[in-house]
Amino acid sequence: MIIESTKALPPVGEAHRMVVIGGGTLGLFFAIQLVQRGREVVVIESGGRDLNNFEDTTYSSVGLPHEGIKIARSRSLGGTSNLWGGQLVEYQPADFEGRGWLENSQWPIPYEEIERFHGPTYEALGIPARFQEDTAVLEEIGTHPPEFEAGVELFLTRWLKIPSMAEMFDEEIRTNPHLYVLMHRTVTEFHGRNGDIHGVTVVDDSGHREEVQGGAFALAAGTIESVRLMLHAADSGDSHAPWAKNPNVGAFFQDHVGGRAGSVHPIDKKRFTRFFSSIVRSGFKFQPKLRLTNQALHEEPILNTQGMLHFESSIGENLVYLKQFLRAAVFGGKVQNIRELPRHLLACGRHLPPLMFRYVVQNRVFVPSRSKISFMLQSEQTPLGESRIKIDSTDRDASGLSKVILDWRIGDDELSSMRAFTVRCKEALEESGIAELRLVKELDELDPKFLKSVRDNYHHVGGLCMGRSKKDGVVDSNLCVFGTTNLFVLGASTFRTASNANTTFLAYCFAKRLVDYLSSHSDIDL
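Everything numeric here is computed off the predicted structure, so don't read it as measured data.

Trainee: How should the overall build of the protein chain be read in this particular structure?
Mentor: Helix and strand content of the protein chain: 17 helices and 21 strands. For the protein chain, the proportion of its 526 residues judged to be buried stands at 55%. For the protein chain, long-range pairs separated by at least 24 residues make up 74% of all intrachain contacts whose partners lie at least 6 apart in sequence. When the accessible surface of the protein chain is totalled, it reaches about 22,500 Å², and 49% of it is carbon and sulfur.

Trainee: Just to check I follow, could you spell out the packing of helix 1 (residues 25–35) against helix 17 (residues 504–520) for this structure?
Mentor: A pair of packed helices can be characterised by two numbers: the angle between their axes and the separation between those axes. Here helix 1 crosses helix 17 at 35°, and the two axes come no closer than 10 Å. At the point where helix 1 passes helix 17, the crossing takes the right-handed sense. Within the contact between the two elements, helix 1 uses Thr25, Leu26, Phe29, Phe30, Gln33 and Leu34 and helix 17 uses Thr504, Ala507, Tyr508, Ala511, Lys512, Leu514, Val515 and Leu518. Of the residues contributing to the contact of helix 1 with helix 17, the split by class is 10 nonpolar, three polar and one charged.

Trainee: What's the story with the pattern of salt bridges in this structure? I'm lost.
Mentor: Close approach of charged atoms allows side chains with opposite charge to pair. Evaluated as defined, the whole model comprises 25 salt bridges. Between arginine 116 and glutamate 113 there is a salt bridge, with the nearest N and O atoms lying 3.1 Å from each other. A salt bridge links glutamate 140 to arginine 281; the nearest nitrogen and oxygen atoms lie 2.7 Å apart. Of the two residues, glutamate 140 sits in helix 6 (residues 134–140) while arginine 281 sits in strand 13 (residues 279–281), which places them 141 residues apart along the sequence. For glutamate 140, a relative accessible area of 26% corresponds to the partly exposed category. What you see here is one network of salt bridges that share partners, running through Arg73, Glu225, Arg228 and Asp397.

Trainee: Explain the nonpolar core to me, please; I cannot follow it from the model alone.
Mentor: General note: in soluble globular proteins, nonpolar side chains tend to be found buried as a group. Counting 139 residues, the largest nonpolar core has Phe30, Trp243, Phe276, Phe375 and Phe510 as its most contacted members. Sorting elements by how many residues they give to this core places helix 17 first, with 10 residues. Setting aside residues up to four positions removed in sequence, tryptophan 243 forms contacts with Phe190, Met230, Ala233, Ala234, Val249, Val481, Thr484 and Leu487.

Trainee: Sorry if this is basic, but what is going on with the sheet that holds strand 8 (residues 185–193) here?
Mentor: Hydrogen bonds between backbone atoms are what pair the strands of a sheet, whose relative direction is either parallel or antiparallel. Strand order in the open sheet formed by three strands is 8-9-10, and the pairing between neighbours is antiparallel. Where the open sheet ends on each side, the last strands, each with one partner, are strand 8 and strand 10 (209–213). Across the sheet, the mean angle separating the axes of adjacent strands is 30° when strand polarity is ignored. As paired elements, strand 9 (residues 196–204) and strand 10 share five bridges and run antiparallel to each other. When the bridges of strand 10 are listed, threonine 201 appears paired with glutamate 211.

Trainee: Can you help me understand the packing of aromatic side chains in this one?
Mentor: Geometrically, a pair of aromatic rings is defined through the distance of the ring centres and the angle of the planes. Per the counting criterion, the structure on display carries 16 aromatic pairs. Ring geometry for phenylalanine 375 and phenylalanine 421: centres 6.5 Å apart, planes at 20°, overall stacked. Note that phenylalanine 375 is positioned in strand 16 (residues 372–379) and phenylalanine 421 in helix 15 (residues 414–431), a separation of 46 residues in sequence. Taking relative accessible area as the criterion, phenylalanine 421 reaches 0% and is therefore assigned buried. Counting every residue linked through ring pairs, the aromatic cluster contains Tyr91, Phe96, Trp107, Tyr111, Phe495 and Phe510. Across from the ring centre of phenylalanine 54, 4.4 Å away, lies the NZ or CZ of arginine 73, which sits over that ring. Here the basic side chain of arginine 73 rests over the ring of tyrosine 59, its NZ or CZ set 5.2 Å away from the ring centre.

Trainee: Where do I start with the environment of glutamine 106 in this structure?
Mentor: Topologically, glutamine 106 is positioned in the loop between helix 3 (93–97) and helix 4 (111–115). For the pair glutamine 106 and phenylalanine 96, spaced 10 residues apart in the sequence, the C-alpha separation amounts to 5.7 Å. Filtering out sequence-adjacent residues up to four positions away, glutamine 106 remains in contact with Phe96, Glu97, Gly98, Arg468 and Arg496.

Trainee: Help me understand the confidence of the model for the protein chain in this model?
Mentor: It should be kept in mind that the predicted coordinates are not to be read in detail where pLDDT is low. Taken residue by residue, the protein chain gives an average pLDDT of 89. The fraction at 70 or more is 87%. Taken together, the stretch residues 318–322 has pLDDT below 50 and engages in 17 contacts with residues farther than four places along the chain or on a different chain.

Trainee: What am I meant to see in the sheet that holds strand 4 (residues 59–61) here?
Mentor: With mixed pairing, the three strands of this open sheet are ordered in space as 4-18-17. Whereas interior strands pair on both sides, the edge strands pair on one side only; in this sheet they are strand 4 and strand 17 (388–396). Neighbour-to-neighbour, the strand axes of this sheet turn through a mean angle of 25°, independent of strand direction. The pairing of strand 17 with strand 18 (residues 402–407) spans six bridges and is classified as antiparallel. Residue aspartate 392 lies in a different strand from strand 18, and its bridge partner there is lysine 403.

Trainee: Explain the pairing of strand 6 (residues 152–159) to me, please; I cannot follow it from the model alone.
Mentor: Where a strand is regular, its side chains alternate between the two sheet faces. Taking burial as the measure, the eight residues of strand 6 include seven buried ones, the bulk of the element. As defined by bridge partners, strand 6 adjoins strand 14 (residues 284–292) across eight bridges and the pair is classed as antiparallel. For phenylalanine 155, the partnering residue across the bridge sits in strand 14 and is lysine 289.

Trainee: Sorry, what's going on with helix 15 here?
Mentor: Given 3.6 residues to a turn, an α-helix orients residues that are three or four positions apart in the same direction. Counted at 1.5 Å a residue, the expected span for helix 15 with its 18 residues is 26 Å, and the 26 Å between its end C-alpha atoms agrees. Looking one or two places after helix 15, you find glycine 433, whose phi comes out positive at around 75°.

What counts as what
Residues numbered from 1 in each chain as written. Predicted model: local features only at pLDDT ≥ 70, side-chain atom pairs only at ≥ 80, totals over all residues. Heavy atoms only, no water. Helix = DSSP H or I, 4+ residues; strand = E, 2+ residues; numbered from the N terminus. Buried < 20%, exposed > 50% of the residue type's maximum accessible area, 1.4 Å probe, protein only. Contact = heavy atoms within 4.5 Å. Areas by Shrake-Rupley, 256 points an atom, 1.4 Å probe, with all protein chains shown as cover. Axes fitted to C-alpha atoms, helices over the stretch in contact; angles between N-to-C directions. Left-handed = near helix turned anticlockwise from the far one by under 90°. Nonpolar A, V, L, I, M, F, W, Y, C, P; charged D, E, K, R; others polar. Salt bridge = Lys/Arg side-chain N within 4 Å of Asp/Glu carboxyl O. Core = buried A, V, L, I, M, F, W, Y, C linked by side-chain atoms within 4.5 Å. Pairing = 2+ DSSP bridges. Phe/Tyr/Trp six-rings, centres within 6.5 Å; stacked < 30°, edge-to-face > 60°. Lys NZ or Arg CZ within 6 Å of the ring centre and 35° of its normal. pLDDT = per-residue confidence, 0-100. Expected span 1.5 Å × (residues − 1).

Right, here's the structure in full:
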């Protein structure tokens, strides 16, 4: 339930509650999983119901240009899940196992341990078992994945019907008696002793300060804000921040390096369309992409990269509007600029019959035959200790938090890895007779100028990395901050590497795993 004041919170009694700092993508998902098991949870969100960004005076970027720090973060209930498309992608075993040539790439947890949470996480997000395996999805539409050479494979990403966690769990947020959501309150301090946190200070928009107590705490404010709070608490000289002397706090910040690598020209249009047009089944969307096989990742020193096809057509804008219109109509949302509907329908004109046929009969997304096709990359980057999140304690916002400074850097392996991956995809597509792939000149020639055309992909990773000890990380394999007994961190800030995959699905899996861990350990005061 939404509450306006900490005074409405029941006192902390024998049934000690979990306090979740951040009511965004991971915070709400984690809270809902706990309350569904009868646990009492308080969620503290700095924003409100309305979509809002962070004030530009609260952050700066001093390294490589980074768009995501400005436009890919949301200070609102639901957080960045109000901004994203809801695409779910699984990591690969090689991401966890470590690659000898890639320093800091081994995780302190085996892939099999997190893989067992794939199914339960999909179910919690509303994706049924029949859509959780690529081969099963392809079989339902009467096809199968192509057998490529060159260590490349086709895989499917899954898209949620309802991307926003605030929308997906709206009823429970409003009515569950075990869930309390405090909005317009920012956490600024931790209170505790000997590594046992018992409360946090919250500051509302008017500057009023209160304490919220709990039995355990989960930091789920997003990568940049979570690191910011940890650094701020450490910098204040607070004895309740046993991580204060850990140099890994803020280190190894990563993002996906993305950009256009070339153009694709179908040779066999029928086979090309069968393999690469997006699939729609029972209202779920599945997008085909290319990546390296797990074996190839171990055999060659290539950063994990995925390739996707971007279709550009003269009616692209019109199709986007119609998709948004249908989505709003189906889910009862507000239709923007409804007077524009006739214009967009007219622009699509002759494309509407084949569009409907492809969607309804063939369960595919229609792509106009004259579309230009670009080959887009999303590449992992080398984990670098000097690529990090910092703070400026001399510059504080209205709540008293220090300004956050992002120093994003990439290494020497990204350019060569992106070319090696694209060449492998070129060989796979051309040898199979499906399509020709022509590389961008600068990439093909390994010209460093190519790196000026790439950008961040809004997937913030690292800063509070998982490790075997505080010598190589900030949290342990159960996401508990080293030096504490009951402070946990959720989200991609704990990831050691970025893989090629969008990070949210794996973060959900770790949240599900933490719910199991907390429920089975009586020594945690919850």
